[in-house]
Amino acid sequence: MERTTRERIADRLCEEALSATALAAEFSLSTATTLEHVEHIAASIEGTDERLLVAPPECADCEFTDFDDRLNVPSRCPSCHSENVTPPAFRIEAE
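For the structure given in this document, a descriptive report is provided here.

In this section: the packing of helix α1 (residues 5-15) against helix α2 (residues 20-27). Here α1 crosses α2 at 130°, and the two axes come no closer than 11 Å. Classified by the angle their axes make, α1 and α2 are oblique. Regarding α1 and α2, the two cross each other, and that crossing is right-handed. Mapping the contact onto sequence places R8, I9, R12 and L13 in α1 and L23, E26 and F27 in α2. Residues that form the contact of α1 with α2 fall into these classes: 4 nonpolar, no polar and 3 charged.

Following this line, the structure appears as structure tokens:
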């Protein structure tokens, strides 16, 4: 039986931390759709021995990480206004 897209995304996130953009490219999805899948995966693993870890977006110029929305990629850093912001990365880890 073939695994669903969400199951395959969850499997990949157990292997390594990936951004929504990287997952979208790998699974031929839009970034928005990929984020919806990640959010659903996070909800579905609540109460299990797994947890979704999120490495927040980070400004590559000033290392600012205190973004309001930790799931989406901001267009600019609110601290130094640089557009050199790395996207958040997701990983599933067993507790």
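Next comes the rest of the write-up.
Moving on to the sheet that holds strand β2 (residues 50-55). The 3 strands lie next to each other as β1-β5-β2, forming an open sheet whose pairing is antiparallel. One side of each edge strand has no neighbouring strand; the edge strands of this open sheet are β1 (18-19) and β2. Note that β1 and strand β5 (residues 89-94) share 2 bridges and pair antiparallel. Looking at the pairing, S19 lines up with A89 of β5. Contacts from α1 reach β1, β2 and β5 within the one sheet, and its direction differs from that of β5 by about 80°.

To continue, consider helix α3 (residues 31-44). The end-to-end C-alpha separation of α3 is 20 Å, in line with the 20 Å expected for 14 residues at 1.5 Å each. Every buried residue belonging to α3 is among T34, L35, H37, V38 and I41, and all of these are buried. Seen from one end, α3 has its buried residues packed into an arc of 160°, which puts them on one side.

Our next topic: the nonpolar core. Residues I9, L13, L23, V38, I41, F90 and I92 are the most contacted members of the largest nonpolar core, which totals 13 residues. Going through the elements one at a time, α1, α2, α3 and β5 are the ones with two or more residues in this core.

Looking now at α1. Residues of α1 that are buried include every one of I9, A10, R12 and L13, and no others. Seen end-on, α1 carries its buried residues on one side only, within an arc spanning 160°. On its buried face, α1 sits against β1, α2, α3, β2 and β5.

Analysis parameters
- Residues numbered from 1 in each chain as written.
- Predicted model: local features only at pLDDT ≥ 70, side-chain atom pairs only at ≥ 80, totals over all residues.
- Heavy atoms only, no water.
- Axes fitted to C-alpha atoms, helices over the stretch in contact; angles between N-to-C directions.
- Helix = DSSP H or I, 4+ residues; strand = E, 2+ residues; numbered from the N terminus.
- Parallel < 35°, antiparallel > 145°, perpendicular 65-115°, else oblique.
- Left-handed = near helix turned anticlockwise from the far one by under 90°.
- Contact = heavy atoms within 4.5 Å.
- Nonpolar A, V, L, I, M, F, W, Y, C, P; charged D, E, K, R; others polar.
- Pairing = 2+ DSSP bridges.
- Expected span 1.5 Å × (residues − 1).
- Buried < 20%, exposed > 50% of the residue type's maximum accessible area, 1.4 Å probe, protein only.
- Arc of directions from axis to C-beta.
- Core = buried A, V, L, I, M, F, W, Y, C linked by side-chain atoms within 4.5 Å.

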